[in-house]
Structures are given as C-alpha cells and as structure tokens.
Amino acid sequence: GAGVSQSPSNKVTEKGKDVELRCDPISGHTALYWYRQSLGQGLEFLIYFQGNSAPDKSGLPSDRFSAERTGGSVSTLTIQRTQQEDSAVYLCASSLARGGSQETQYFGPGTRLLVL
Amino acid sequence: SQQGEEDPQALSIQEGENATMNCSYKTSINNLQWYRQNSGRGLVHLILIRSNEREKHSGRLRVTLDTSKKSSSLLITASRAADTASYFCATASNTGKLIFGQGTTLQVKP
C-alpha cells in the first residue's frame with residue numbers, strides 16, 4: 001500500500017500566522033510520531049500518538065504547538081502564531097503496532113515550513 | 001535533545017570504496033538503529049541492532065555495537081553514487097520515540 005504522506009510539501013507563511021500540517025500514516029499503523037528537523041537543532045522528537053491519544057508530548061517546544069489525531073489515522077500538527085525559529089522540516093512517521101523500541105518507523109517526505 | 005555524536009560530520013569517497021561512520025550515545029539502550037536521508041526529506045530505516053548483538057549485516061551494510069563504549073559504527077562496502085545521503089543513528093525509548101545523532105553526510109563520487 002501507500003507510504004506515509006504529508007501535506008503540504010512546502011509552506012511559506014508570515015510570522016504570527018497559524019499553520020496546519022497534515023500526516024496520513026500507513027493504513028493500519030496505530031503508532032504515529034512527529035519530528036522536526038532544523039539546521040540548528042538537528043532531528044528532534046515532538047509527539048507520539050498511540051491510536052488517538054498522545055501519551056508522550058514531551059517534545060513539543062511550546063504551547064503554540066499542538067497536535068491531534070482522529071479515527072486512529074490522520075494527524076494534524078498545528079503551530080499558532082508562528083515564529084521564525086519554527087522554520088524547519090516537519091517529519092511524520094508511523095509504525096505498525098503499539099510503538100516501542102523494536103518497531104520500524106516509516107517516515108513521510110516531510111513538510112518544509114518557512115516563516116518569514 | 002540529541003543522543004550523541006556522529007563522526008565524521010562529512011565524508012567524501014570514490015565509488016567502490018568503503019565508508020565508515022561512527023555514532024556514540026549517552027544512555028542505556030534496547031537497540032540502536034541507522035537511517036538514511038536523501039535530500040533533507042524523509043528518512044529510510046536501514047538496520048536495527050539489539051543491545052545484545054555485537055554485529056549485524058544487511059546486504060552491503062555492516063553495523064557494529066559496543067555497549068561498553070556506548071558506540072556503534074556503520075560500514076557501507078563497495079559504495080555507489082546512489083549511497084550519497086545523510087546517515088543518522090538513533091536510539092529508541094520504550095514508546096519508540098527516536099533520539100537521533102547529528103548525522104554524517106556522505107558523498108560518493110562516481
């Protein structure tokens with residue numbers, strides 16, 4: 001079947017605006033992860049979903065960041081009042097079962113966000 | 001936060017040569033994984049080595065793990081131009097959250 005898809009591929013926004021990034025995981029994958037990759041910080045974990053709940057939100061950098069997942073499938077990452085330091089590539093990954101350290105994560109192509 | 005250091009940060013070799021990348025980590029682990037990233041976009045899982053394994057092979061890839069030194073290495077043999085990419089090591093928490101190293105950028109010249 002199809003891999004993990006993300007939309008949009010690229011997003012340019014003005015400082016202070018809100019943005020929504022979407023992730024469609026592989027069908028049947030119950031675990032979903034968001035990561036961020038920026039020049040200064042490398043690859044960082046943001047949030048983990050198991051089904052529709054998020055047992056680990058420890059990587060969200062501020063309360064401007066939120067995410068939800070509905071129907072155990074699609075997830076949306078929302079950034080409110082964007083700042084220039086939010087510019088990064090946002091990557092989504094999913095894995096088959098309960099998540100866990102032994103599971104292979106399948107990554108989407110990412111959304112490149114540029115905040116002007 | 002980053003798990004540890006990878007070295008070298010950049011590596012340039014000729015096609016056919018071997019490429020070795022090293023990764024160090026800070027905490028105890030269940031396993032260590034290696035990923036490849038092309039053109040700064042999605043990551044592809046390459047190989048997973050468990051904490052009780054010392055060496056693992058997959059095609060032209062060989063991974064070693066030394067838990068006493070908290071280090072791992074990835075060897076790509078007989079490199080090809082298509083191997084040009086960034087390579088990251090990562091450790092996973094019990095929930096699967098990945099903590100990545102800084103990455104090594106590999107350029108293979110045809």
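In this text, all values refer to a predicted model and were calculated from it rather than measured experimentally.

Student: Is there a simple way to think about the packing of aromatic side chains in this case?
Tutor: Scanning all chains against the criterion turns up nine aromatic pairs over all chains. Between tyrosine 35 of chain A and phenylalanine 45 of chain A, the aromatic rings sit 6.0 Å apart at their centres with planes inclined by 70°, giving edge-to-face as the arrangement. Of this pair, tyrosine 35 of chain A sits in strand 4 (residues 31-38) while phenylalanine 45 of chain A sits in strand 5 (residues 42-50), and the two are ten residues apart along the sequence. On the basis of relative accessibility, which here comes to 9%, the residue phenylalanine 45 of chain A falls in the buried class. Between tyrosine 35 of chain B and phenylalanine 100 of chain B the ring centres are 5.9 Å apart and the planes differ by 65°, which places this aromatic pair in the edge-to-face class. With tyrosine 35 of chain B in strand 4 (residues 31-37) and phenylalanine 100 of chain B in strand 10 (residues 98-100), this pair connects stretches of sequence that are 65 residues apart. Using a relative accessible area of 0% as the deciding quantity, one classes phenylalanine 100 of chain B as buried.

Student: Would you take a moment to explain the state of the cysteines for this structure?
Tutor: By definition, a disulfide links two cysteine residues through a covalent bond between their sulfur atoms. Within this structure, the stated rule accounts for two disulfides over all chains. Disulfide partner of cysteine 23 of chain A: cysteine 92 of chain A, at an S-S distance of 1.9 Å. In this structure, the disulfide formed by cysteine 23 of chain A and cysteine 92 of chain A twists by about -65° around the S-S bond and is classed as left-handed. Placement of cysteine 23 of chain A in strand 3 (residues 19-24) and of cysteine 92 of chain A in strand 9 (residues 88-95) is noted, with a sequence separation of 69 residues between them. The pair formed by cysteine 23 of chain A and cysteine 92 of chain A is uniform in burial state, with each residue classed as buried. Between the sulfur of cysteine 23 of chain B and that of cysteine 89 of chain B lies a disulfide, 2.0 Å long from S to S. On the S-S bond that ties cysteine 23 of chain B to cysteine 89 of chain B, the torsion sits near 70°, and the link is right-handed. Residue cysteine 23 of chain B is found in strand 3 (residues 19-24), and its partner cysteine 89 of chain B is found in strand 9 (residues 85-92); the two are separated by 66 residues along the sequence.

Student: I'm lost on the pattern of salt bridges in this one. Help?
Tutor: It is possible for side chains bearing opposite charge to pair when their charged atoms get close. All names here are of chain B. For the structure shown, the criterion picks out seven salt bridges over all chains. Arginine 62 serves as the salt-bridge partner of glutamate 55, at 3.2 Å between the closest nitrogen and oxygen. Overall, the relative accessible area of 41% leaves glutamate 55 in the partly exposed class. Residue classification places arginine 62 among the partly exposed residues on the basis of a relative accessible area of 31%. Taking the shortest distance from any N to any O, the salt bridge between aspartate 83 and arginine 60 comes out at 2.9 Å. In this pair, aspartate 83 sits in the loop between strand 8 (71-76) and strand 9 while arginine 60 sits in the loop between strand 6 (55-58) and strand 7 (61-66), placing the two residues 23 residues apart along the sequence. For arginine 60, a relative accessible area of 22% corresponds to the partly exposed category.

Reading the values: the criteria
- Residues numbered from 1 in each chain as written.
- Chains lettered and ligands numbered in written order.
- Predicted model: local features only at pLDDT ≥ 70, side-chain atom pairs only at ≥ 80, totals over all residues.
- Heavy atoms only, no water.
- Phe/Tyr/Trp six-rings, centres within 6.5 Å; stacked < 30°, edge-to-face > 60°.
- Helix = DSSP H or I, 4+ residues; strand = E, 2+ residues; numbered from the N terminus.
- Buried < 20%, exposed > 50% of the residue type's maximum accessible area, 1.4 Å probe, protein only.
- Disulfide = S-S within 2.5 Å.
- Salt bridge = Lys/Arg side-chain N within 4 Å of Asp/Glu carboxyl O.

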